[in-house]
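The chain contents come next:
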Amino acid sequence: MSMANGFTSEDATRLSDTERRLIERRERLLGPAYRLFYERPLHTVRGEGVWLYDEQGRRYLDAYNNVASIGHCHPRVVEAMYKQSLQLNTHTRYLQEGILDYAEQLLGTFSGDLDRVMFTCTGSEANDLALRIAKQFTGGTGVIITQFAYHGVTGDIAELSPSLGSAMLLPAHVRTVRAPDAYRLGAENVASTFAADVRGAIDDLKAHGIRPAAILLDGIFSSDGVLPGPAGFLAEGVALAQAEGMLYIADEVQPGFARTGLNMWGYSRHNVRPDIVTLGKPMGNGQPIAGIVGRAEVIDYFGKHMRYFNTFGGNPVSCAAGQAVLDVIRDEHLQQRSHDIGGYLLDGLTQLAQRHEMIGDVRGAGMFLGVELVSDRATKTPAAEQARKVVNAMRELGVLISAAGPRENVLKIRPLLAFTQEHAQMLIDAVDVAMQWLD
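Residues numbered from 1 in each chain as written. Predicted model: local features only at pLDDT ≥ 70, side-chain atom pairs only at ≥ 80, totals over all residues. Heavy atoms only, no water.

Per an unreviewed UniProt entry, the chain goes by Aminotransferase class III-fold pyridoxal phosphate-dependent enzyme and derives from Pseudomonas arcuscaelestis. Note on the chain: under the UniProt heading Cofactor (unreviewed entry), the record states "pyridoxal 5'-phosphate". The Sequence similarities (unreviewed entry) field of the UniProt record for the chain holds the comment "Belongs to the class-III pyridoxal-phosphate-dependent aminotransferase family." (UniProt positions renumbered as here; feature names shortened; annotations may be inferred.)

Shown next as structure tokens:
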């Protein structure tokens with residue numbers, strides 16, 4: 001994935017001896033493929049609510065973490081995991097009520113005919129399973145994704161994740177379409193451009209003798225630069241794909257679980273009907289649990305022709321954590337809070353654009369926002385270096401965000417759903433100060 005704000009070896013000279021030794025030990029033991037955030041990596045030792053704490057006890061407002069989405073170490077999740085771990089934790093080849101109780105409540109958050117769930121451990125596994133099902137159901141192999149998508153790290157899914165880097169070459173059965181960049185394409189053109197690109201991708205697959213199987217889309221187009229697009233823009237393009245027999249896989253690993261505000265699921269903003277929805281990251285608030293939700297016709301066809309087993313997918317402790325997450329979202333009204341606080345953030349960041357010429361665009365849905373930095377508003381020239389400086393400056397100010405997009409110039413802001421207006425204002429003020437340091 002894009003690491004515009006990532007640590008590099010050149011940054012090591014500015015670190016303390018203790019920090020350098022820790023990084024050297026990490027690289028020796030874990031190898032070079034792992035990446036660290038920030039020029040001065042954060043050494044975290046504790047999390048609580050919306051805060052992360054470093055080894056010196058300094059707290060940082062977490063406006064990026066989408067794993068502990070309802071708050072770090074939420075007591076209800078911790079308690080649910082603890083109680084279940086005292087009782088039983090095993091695989092799904094025995095009869096257990098917990099997985100069924102959780103499945104019923106989870107499926108109750110979906111509308112229409114999305115009435116089957118299968119469990120995995122990670123979002124990557126969920127997307128991998130969805131792709132297997134799509135190929136089995138359609139008999140095809142062709143897949144459509146966006147140009148800078150990220151869908152996971154398993155073998156087949158990494159090949160559908162061009163944002164992993166230039167060395168990740170797309171296979172012959174994959175076609176890309178432009179992401180819904182309303183800032184650069186114009187909001188009025190997004191829907192027609194997307195539909196035309198989908199049509200062209202389908203035609204090109206067929207022209208090369210490749211049978212289309214699936215269109216896989218992240219509902220907030222996070223890696224493409226956090227692009228919520230005008231609500232409803234997906235409908236025409238998705239309808240084209242489904243009319244060709246393709247399955248629409250809605251990747252909700254990042255935008256799901258109330259992240260985008262009034263909708264529990266990001267795709268709901270666009271009046272589309274997925275065939276499969278993939279889930280991950282915030283599902284267990286840190287406990288590895290993920291899965292797919294799909295139409296019975298699709299899931300049952302796969303099950304009749306292919307056996308599926310995942311040792312830890314859907315284990316009792318993970319399901320207890322997942323159940324607690326749903327309960328907290330409901331009882332603490334986090335979906336409404338995502339809408340309200342997300343709106344407050346959107347307004348506040350938009351006001352900052354009046355004072356800082358480098359802010360070219362502010363966009364978002366619920367508590368998932370992008371702030372695009374440009375060096376020239378007229379030409380919309382990307383300001384990647386400035387975005388990196390803002391992200392690192394905010395880390396020094398005690399607020400954690402990241403950067404995203406193919407041009408690496410979009411501030412990626414993804415607060416914990418437990419944010420209050422006070423926390424939101426702290427974030428806005430930190431962006432303001434960091435931007436002033438650039439002026």
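Next comes the rest of the account.
Tallied over the entire structure, the rule returns 28 salt bridges. For K83, the salt bridge is made with E79, and the minimal N-O distance between the two is 3.1 Å. Residue K83 and its partner E79 are both found in helix α2 (residues 75-87); the two are separated by four residues, about one turn of the helix. With a relative accessible area of 42%, E79 lands in the partly exposed category. (Salt bridge = Lys/Arg side-chain N within 4 Å of Asp/Glu carboxyl O. Helix = DSSP H or I, 4+ residues; strand = E, 2+ residues; numbered from the N terminus. Buried < 20%, exposed > 50% of the residue type's maximum accessible area, 1.4 Å probe, protein only.)

This brings us to the sheet that holds strand β2 (residues 51-54). An order of β1-β2-β3-β14 is seen for the four strands of this open sheet, with the pairing classed as mixed. In the strand order of this sheet, the two ends are held by β1 (44-48) and β14 (399-400), each with one partner. In this structure, β2 lies alongside strand β3 (residues 59-62), joined through three bridges in antiparallel fashion. When the sheet's bridge partners are listed, W51 is paired in β3 with L61. (Pairing = 2+ DSSP bridges.)

Take a nonpolar patch on the surface next. Residues L29, L30 and Y34 make up a contiguous nonpolar surface patch of roughly 340 Å² in combined accessible area. Within the fold, Y34 resides in the loop between α1 (17-30) and β1. (Patch = residues over 30% accessible without salt bridge, like charges linked within 9 Å, V, L, I, M, F, W, Y side chains within 5 Å. Areas by Shrake-Rupley, 256 points an atom, 1.4 Å probe, with all protein chains shown as cover.)

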